[in-house]
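Letter by letter, the chains look like this.
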Amino acid sequence: QVQLVESGGGLVQTGGSLKLSCAASGRTFFSYDMGWFRQAPGKKREFVAAITWSGGNTYYANSVKGRFTISRDNAKYTVYLQMNSLKPEDTAVYYCAADPRGTVYGDKYNYWGRGTQVTVSS
């Protein structure tokens, strides 16, 4: 069993940066691929980024490629999402997820956090 808690969200101006953290509990954290998803009001939850258990491979949605960076520190049981050059369309609740069932791009993960709000003002 893994519990995930996101933090680091907030209000930022266009062009600004935020770094989200996802703290995990559970000794098996280091064996899980991890993902970040987001959901804007009235929209479906969408894939943002993912990272394999070793950190050796990362994956990004086209909309954030070159602006966001996912990383992990297994010793600290934490996954990060560095978000730069933020745009108003990045406004959403951001969710951390662990242990995908199938592709990392899908939203069929076994464990989810409760989310953290990111708001980008124009």
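Relevant structure appears above.
Remarks on the state of the cysteines
Point 1. With the rule as written, the count across this model stands at one disulfide.
Point 2. Here C22 engages in a disulfide with C96; their sulfurs sit 2.1 Å apart. Disulfide C22-C96: torsion about the S-S bond near -80°, hence left-handed. In this pair, C22 is assigned in strand β3 (residues 18-25) and C96 in strand β9 (residues 92-100), connecting sequence segments 74 residues apart.
Point 3. Of the residues examined, C22 reaches a relative accessible area of 0% and is grouped as buried.
Point 4. Take C96: its relative accessible area is 0%, and that puts it in the buried class.

Details of the packing of aromatic side chains
Point 1. Per the counting criterion, the structure on display carries eight aromatic pairs.
Point 2. Ring centres of F37 and Y109 lie 5.3 Å apart, and the angle between their planes is 80°; on these two criteria the pair is classed as edge-to-face. Linking F37 in strand β4 (residues 34-39) with Y109 in strand β10 (residues 109-112), this pair joins segments that are 72 residues apart in sequence. Both residues of the pair, F37 and Y109, count as buried.
Point 3. Measuring from centroid to centroid gives 5.8 Å for Y59 and Y105, while their planes differ by 75°, and the two rings are edge-to-face. Taken together, the residues span a long stretch of sequence, with Y59 in strand β6 (residues 58-60) and Y105 in the loop between β9 and β10 at a distance of 46 residues.

Reading the values: rules and limits
Per chain, residues are indexed from 1 in the order of the written sequence. Per-residue local features of the predicted model are confined to residues with pLDDT of at least 70, and side-chain atom pairs are confined, for both listing and counting, to 80 or more; whole-chain, interface and lining totals are unaffected and use all residues. Hydrogens and water molecules were not included; the side-chain quantities draw on all heavy atoms of the structure. Throughout, disulfides are identified as pairs of cysteine sulfur atoms within 2.5 Å of each other. By definition, any uninterrupted DSSP run of H or I lasting at least four residues is a helix, any uninterrupted run of E lasting at least two residues is a strand, and each is numbered from the N terminus. Exposure classes here rest on a 1.4 Å probe applied to the protein chains alone. A residue is buried below 20% of its type maximum, exposed above 50%, and partly exposed in between. By convention, a stacked pair of Phe, Tyr or Trp rings (six-membered ring in the case of Trp) has centres within 6.5 Å and planes under 30 degrees apart, an edge-to-face pair has planes over 60 apart, and any other such pair is tilted.

Honestly, it's all geometry; don't read function into it.
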